[in-house]
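Read off the chains here:
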Amino acid sequence: MQGKVALITGSAKGLGKKTALTLAEQGCHIALNYVHSEAEAFSLRSDIERMGVRCIAVQADISRREQIEGLARQVEEQLGTIDILVNNAGPFIRERKLFADYSQTEVLAMIEGNLVGSLLLDHLVLPGMREKRWGRIIHFGFGHASESRAWPHRAVYAAAKTGLVSFTKTLAVEEAPYGITVNMVCPGDIRGGQKEMSIHEVRGLRDGETPLGRPGSGEDIARVIAFLCHTDSDFITGNIMDISGGLDPIRPWIKPS
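Residues numbered from 1 in each chain as written. Predicted model: local features only at pLDDT ≥ 70, side-chain atom pairs only at ≥ 80, totals over all residues. Heavy atoms only, no water.

1. As for the nonpolar core
Counting residues in each nonpolar core, the largest one holds 32 residues, and the members touching the most others are Leu23, Ile30, Ile48, Ile84 and Val185. Of all elements in the fold, only strand 1 (5-8), helix 1 (14-25), strand 2 (29-34), helix 2 (38-49), strand 3 (55-59), strand 4 (84-87), strand 5 (135-140) and helix 7 (218-229) reach the threshold of two or more residues within this core. Apart from residues no more than four positions distant in its own chain, Ile84 is found in contact with Met1, Lys4, Val5, Ala6, Leu7, Leu23, Cys28, Met129, Trp134, Arg136 and Cys229. Ranked by size, the runner-up nonpolar core spans 24 residues in total, among them Ile62, Ile82, Val125 and Val182. (Core = buried A, V, L, I, M, F, W, Y, C linked by side-chain atoms within 4.5 Å. Buried < 20%, exposed > 50% of the residue type's maximum accessible area, 1.4 Å probe, protein only. Helix = DSSP H or I, 4+ residues; strand = E, 2+ residues; numbered from the N terminus. Contact = heavy atoms within 4.5 Å.)

2. Thoughts on the sheet that holds strand 5
What holds strands together in a sheet is hydrogen bonding between their backbones, with the strands either parallel or antiparallel. Spatial ordering of the open sheet is given by 3-2-1-4-5-6-7, a layout of seven strands whose pairing is parallel. Strands at the two margins of the open sheet, each flanked by one partner only, are strand 3 and strand 7 (240-243). Neighbour-to-neighbour, the strand axes of this sheet turn through a mean angle of 20°, independent of strand direction. Two elements, strand 6 (residues 180-187) and strand 7, share four bridges in a ladder whose sense is parallel. The residue of strand 7 that forms the bridge with Pro187 is Ile243. Relative to strand 3, helix 3 (residues 65-78) is tilted by about 160°, and along the sheet it contacts strand 1, strand 2 and strand 3. (Pairing = 2+ DSSP bridges. Axes fitted to C-alpha atoms, helices over the stretch in contact; angles between N-to-C directions.)

3. Focus on the side chain of Ser37
Within the element layout of this structure, Ser37 appears in the loop between strand 2 and helix 2. With sequence-adjacent residues up to four places away left out, Ser37 is seen in contact with Ala12 and Lys13.

4. Describing the pairing of strand 3
Counting buried positions along strand 3 gives four out of five residues, so the element sits mostly inside the fold. Bridge count for strand 2 against strand 3 is five bridges, and the pairing is parallel. Pairing of Ile30 across the sheet is with Cys55, part of strand 3. One crossover worth recording links strand 2 to the parallel strand 3 by way of helix 2, and it is right-handed. (Right-handed = clockwise from strand over helix to strand, strands pointing away.)

5. Focus on the environment of Val185
With respect to the element layout, Val185 can be found in strand 6. Sequence-distant contacts of Val185, defined by excluding residues within four places in its chain, comprise Ile138, His139, Phe140, Gly141, Ile221, Val224, Ile225, Leu228, Met241 and Ile243.

6. Describing the packing of helix 1 against helix 7
Look at helix 1 against helix 7: their axes get within 9 Å of each other, and the N-to-C directions meet at 45°. As summarised for this structure, helix 1 and helix 7 are arranged oblique, according to the angle between their axes. For the element pair helix 1 and helix 7, the recorded crossing hand is right-handed. Between helix 1 and helix 7, the residues in contact are Leu15, Lys18, Thr19, Thr22 and Leu23 and Gly218, Glu219, Ile221, Ala222, Ile225 and Ala226, respectively. (Parallel < 35°, antiparallel > 145°, perpendicular 65-115°, else oblique. Left-handed = near helix turned anticlockwise from the far one by under 90°.)

These figures capture arrangement, not role.
Written out as structure tokens, the structure reads:
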């Protein structure tokens, strides 16, 4: 992947940051994206530049259509055609509440940030990928999203992500003749600082909710994304991949007695 241009949304911190570092290690030039975390984005940019690749940091809210266009334009002007797009950014309301208790503003923000933003950004990068006849698009979902099950208290988020599941599969079929693959990764419940940790760092931690027994790490997700982006992974497209240690976020795991 030496010299490929990778845009990772929501990449100043967390899973996006770990993905950016992993792709930079593979030789990709990196476009970071942030909304409020300017200091973290600029610090990460310096770290990535020291790895010998180019890196920029662009402020843009993925739920705002006009800002999405500006993001894509700045990346192409400063780094060139986008080869790899990782749609990591997406709002999530951790508080559990019924759909009837959401405000219209919350509903629209969740749909725009988790579904519409990804669709529009994909639409903007496709012409350049088609011209090169090479591209990698990664979407983010949640465990078992492909089953479209009921998820009480997560109605809007689940609706947006399961819609993205269908879109992932459709776009994968449409763009395969152009050398473009489209896949979705579905992380387990990876929280806080664990999003930037390595697998080695979390092996000694215990997680009673995950069948594997340990929490997930940022490396668990980033290494799969790097694999999907590899040139020789072109036969893998339209897949919805759970990377969760067996965790089902909707139906809790019952430990064996």
